[in-house]
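Listed here are the chains, written in short residue letters.
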Amino acid sequence: MKKLINYQRRRLLKFAGLSITAAAHPPLLQAMNSRLKNTASADFHPDLEIELKLEAVRVPIFKGPDTRVWKVYGNVIKGPKQVVDNINGSYLGPTLRFQKGQKVRIYLKNNLPAESILHWHGLHVPSKMDGNPMYAINHGETYIYEFEILNRAGTYWYHAHTHGLTARQVYSGLAGLLIVHDKEEQALGLPKGQQDVPLVIQDRSFDGQNQLSYANNMMQRMQGFLGDQIMINGQPDFVLQAATRPYRLRLLNGSNSRIYKLAWDDGTPLNVIGVDGGLLEKPEKREFVMLAPAERLELWVDFSDKPLGTELTLRSIEFTAGSGMMGGMGGMGMMGGRGRMGMGRMGGGMMSHSSLPNGSDFPVVKVRIARKERGEEGLPEKLTKITALRMKDAVNRNNPKTIRLSMQHMSALLNGRSYKMNDIHADEIIPVNTLQVLEFDNGFQGMHGMGMMGMAMPHPMHLHGEQFQIIKREVNSRSKKAFSTVAAGLIDNGWKDTVLVMPGEKVTILKPFNDFKGIFMYHCHNLEHEDMGMMRDFLIR
Ligand code: C2O
Ligand code: CU
């Protein structure tokens, strides 16, 4: 008996060493009492301490029965309360708001009946803080993250990254936004507060009992999940009640596999001011913009001259999403009639399991002009300075690292390999503090993009760690026609962490691997593809 008490006392003392503020903050004590997977470090002095809990809960999304979801709940242990913005009536996790340079400690507590781990998508953090699947924690365990926000201002996000379960867990709700501000961005006078609106775009399917449905047959895994209900910020009937003034809209495609081609329904061009890794050098005007899974876009939009009561819709408009099954159907254009959503069209020539195929036309975000208000927030001609990475600085400038994307024999592969933990090949070892040329080849050369029973599919490719820059895109002749339905909407300037690679395309990027050694993943962000194995690790050393 005495032994036990001593043991517990020692445990408590050990935990008490974690932070001198512990006694004043009950949530921290609670976190300590659960099993810690790793420990807080005494020499890390956080500006912010946050607790995130993964919970299986019911939330009221529709009239009628509540929906069972897996949700991230946040609360601030140390720091201003506004850092964590929980979203009620939604499955979506809280929006986290950080300042560049802040040191953040996050206690992730898993109360789910399954293992899980969170990844900070787009953040440049040490390998151990990156949420690699090998760090997954079980029910009752706590993972402590400690990192400094090194990224520039931008719209980042977090989501579950559990081995083989990422698609299901994100679908169930385990995702949220992570917004970083910095001084340079704040000095620009862009719309802020109520006029700075995050819009997380996702598709879901619900059954008659308001429960999420997620079929997992082979067709669905090859193509990726496509829901028939578009959700904005986790809500089915979202309408932005806007004032007659400029807005900053932060779009995240948090869908498992759906790609959006966004355009205003009244033909107004879009002003793009930011991408994955923050602001562009200057705004870019486009008729439409592509937004692939995990990508972010920031829009500046002025509602000043809109009469009260005006309704505007950001739609996803038609494009050719893939070039069909069985290889031979490559290059086939649109099939099917002019049906509206829910008519079971063959979107983009791809046989689809969804009543709302990828590449069909449907409304995404509704805006209603509800208040008269004056706002002075103009659109700056120059937003920021971006230093262009140079090919001549890449250590492998004459020998680009090629990553071949393929879907064959019912598997999704990178350079013919499937994901395995602790399976680093020679070409996946990268010296730290180097700049590398990488190319993603999606059937650009040869037919590996679509073998027998294979599919030529778009793959949104994501690399963990530092943001990269897109250098060039090349498309082979048989894919040109399909590519032309998306080309004018690709924003390739600025800092990126995810790039859409269309069928028949090769995309060249320059990617820095600075500061941190260890394992960093690269993978397709079609989450069904990721879980099928279209994911690998780089070892930086
Ligand atoms: Cu957004 Cu490895 O993921
Ligand atoms: Cu993919």
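Conventions adopted
- Residues numbered from 1 in each chain as written.
- Chains lettered and ligands numbered in written order.
- Predicted model: local features only at pLDDT ≥ 70, side-chain atom pairs only at ≥ 80, totals over all residues.
- Heavy atoms only, no water.
- Salt bridge = Lys/Arg side-chain N within 4 Å of Asp/Glu carboxyl O.
- Helix = DSSP H or I, 4+ residues; strand = E, 2+ residues; numbered from the N terminus.
- Buried < 20%, exposed > 50% of the residue type's maximum accessible area, 1.4 Å probe, protein only.
- Donors = N, O, S within 2.8 Å, 3.2 Å for Na, K, Ca; no water.

Draft legend 1. Region of interest: the pattern of salt bridges. Inspection of every chain in the model, using the stated rule, returns 31 salt bridges. In this structure, Asp196 and Arg250 form a salt bridge, with 2.7 Å as the shortest nitrogen-oxygen distance. Of the two residues, Asp196 is situated in strand 11 (residues 196-204) and Arg250 in strand 14 (residues 246-253); the sequence distance between them amounts to 54 residues. Note that Arg245 and Glu377 form a salt bridge whose closest N and O atoms lie 2.6 Å from each other. With Arg245 in the loop between strand 13 (239-243) and strand 14 and Glu377 in the loop between strand 21 (362-371) and strand 22 (401-408), this residue pair connects regions lying 132 residues apart in the sequence. Note on Arg245: relative accessible area 13%, which makes it buried. Each of Glu185, Asp196, Arg248, Arg250 and Glu298 takes part in a single network of salt bridges with overlapping partners.

Draft legend 2. The coordination of the copper ion (ligand 2), seen in detail. Distances from the copper ion (ligand 2) to its protein donors, namely His459 (ND1), Cys524 (SG) and His529 (ND1), fall within the range 2.0 to 2.1 Å. Here the donor residues of the copper ion (ligand 2) share one chain and are spaced in sequence as H-x64-C-x4-H. Of this pair, His459 sits in strand 26 (residues 459-463) while His529 sits in helix 7 (residues 527-531), and the two are 70 residues apart along the sequence. Taking the relative accessible area as the measure of exposure, His529 reaches 0% and is therefore buried.

Draft legend 3. Examining unusual backbone geometry more closely. One non-glycine residue with positive phi stands out, namely Asn422, at about 55 degrees. Of note, Asn422 is situated in the loop between strand 23 (411-414) and strand 24 (429-430). With a relative accessible area of 63%, Asn422 lands in the exposed category. A positive phi angle, close to 75 degrees, is found at Asp515, a residue other than glycine. Its location among the elements puts Asp515 in the loop between strand 29 (505-513) and strand 30 (518-524).

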